[in-house]
Amino acid sequence: MLRVITAEAAYTTEELADILGLPLSTIRKYNFHFAKIGVQFTKKQGRLAYTNDDVTIFHELKKVHTHPEMTLEKAVVTVAKKFNLIPDTPPNISTENQTLRLDTREVQMREIQSYIDAKFEERERQLISIAREIRALKKAQHQKKSFYKWLKSFFEK
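First, a word on what this report is: a plain description of the structure on this page. In this text, all values refer to a predicted model and were calculated from it rather than measured experimentally.

How each quantity is defined
Residues numbered from 1 in each chain as written. Predicted model: local features only at pLDDT ≥ 70, side-chain atom pairs only at ≥ 80, totals over all residues. Heavy atoms only, no water. Helix = DSSP H or I, 4+ residues; strand = E, 2+ residues; numbered from the N terminus. Buried < 20%, exposed > 50% of the residue type's maximum accessible area, 1.4 Å probe, protein only. Core = buried A, V, L, I, M, F, W, Y, C linked by side-chain atoms within 4.5 Å. Contact = heavy atoms within 4.5 Å. Patch = residues over 30% accessible without salt bridge, like charges linked within 9 Å, V, L, I, M, F, W, Y side chains within 5 Å. Areas by Shrake-Rupley, 256 points an atom, 1.4 Å probe, with all protein chains shown as cover. Salt bridge = Lys/Arg side-chain N within 4 Å of Asp/Glu carboxyl O. Expected span 1.5 Å × (residues − 1). Arc of directions from axis to C-beta. Axes fitted to C-alpha atoms, helices over the stretch in contact; angles between N-to-C directions. Parallel < 35°, antiparallel > 145°, perpendicular 65-115°, else oblique. Nonpolar A, V, L, I, M, F, W, Y, C, P; charged D, E, K, R; others polar.

Some thoughts on unusual backbone geometry
1) Next: For Q45, which is not glycine, the phi dihedral falls at a positive 55 degrees.
2) Next: Mapped onto the secondary structure, Q45 falls in the loop between strand 1 (43-44) and strand 2 (47-48).
3) Next: For N84, which is not glycine, the phi dihedral falls at a positive 55 degrees.
4) Next: Tracing the sequence through the fold places N84 in the loop between helix 4 (72-82) and helix 5 (95-156).
5) Next: You can call N84 exposed: its relative accessible area is 68%.

As structure tokens, this is what we get:
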């Protein structure tokens, strides 16, 4: 079946599936993977409406996905980059800025770690001190009991 594609065409998901010769579920799966990487297609009246460019994108995805080593996720990213749907690098962030930001965060992480270590050591010292005090109190209490036992045994004789 031959279709004439006009410049103002807007195809539904079902029509796109017919054009590509794919099941409707496959088109939905492709849409899901495009949405995961941030690519959204236009909607009209709450339904997806595909343009001629979108048809071309899906044709390319179908072709790229047929390669044996190509997973669907890789194919979607490849096609999205080819059609400039997603940038290769994040916008407005240079590599130097990323490095500086990472260095700053690394310094912050070290400071936080040293603070945590210092608090941990202080807490450990406090616990050891309390344990020693408890041991000393128990020993003193035991000595008192021993003295009273001795005294009691002394008077019972």
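Structure shown, so let's carry the discussion forward.
Quick word on the nonpolar core
1) Next: Formed by 24 residues in total, the largest nonpolar core has its most connected members in L16, I27, F34, Y50, F58 and L61.
2) Next: Counting residues per element, the ones that place at least two in this core are helix 1 (13-20), helix 2 (24-36), helix 3 (52-65) and helix 4.
3) Next: Contacts of L16, omitting those with residues within four sequence positions, involve Y11, I27, Y50, V55 and F58.

Description of a nonpolar patch on the surface
1) Next: Residues F147, Y148, W150, F154 and F155 make up a contiguous nonpolar surface patch of about 660 Å² in total accessible area.
2) Next: Mapping F147 onto the fold places it in helix 5.
3) Next: By relative accessible area, F147 is classed as partly exposed at 45%.

A closer look at helix 2
1) Next: Helix length check: helix 2, at 13 residues, gives a terminal C-alpha distance of 19 Å against a target of 18 Å (1.5 Å per residue), a fit within 8%.
2) Next: Those residues of helix 2 that sit buried are T26, I27, Y30, N31, H33 and F34. Down the axis of helix 2, the sector holding all buried residues measures 165 degrees, keeping them to one side. Of the exposed residues in helix 2, those oriented more than 90 degrees away from the buried face are F32 and K36.
3) Next: As for helix 2, its buried residues are in contact with helix 1, strand 2, helix 3 and helix 4.
4) Next: Remark: G38 follows helix 2 within two positions and exhibits a positive phi of approximately 95 degrees.

What about helix 4?
1) Next: All of the buried residues in helix 4 are L72, A75, V76, V79 and A80. Projected down its long axis, helix 4 carries its buried residues within an arc of 130 degrees, all on one side.
2) Next: Against helix 2 and helix 3 lie the buried residues of helix 4.
3) Next: Just past helix 4, the residue N84 takes up positive phi, approximately 55 degrees.

Section: the packing of helix 2 against helix 3
Two quantities define a packed helix pair, namely the angle between the axes and the distance from one axis to the other.
1) Next: At a minimum axis separation of 12 Å, helix 2 and helix 3 run at an interaxial angle of 95 degrees. Between helix 2 and helix 3, the angle falls in the class roughly perpendicular. Judged by residue contacts, I27, Y30, N31 and F34 of helix 2 engage I57, F58, L61, K62 and H65 from helix 3.
2) Next: Its residues assigned to classes, the contact of helix 2 with helix 3 shows six nonpolar, two polar and one charged.

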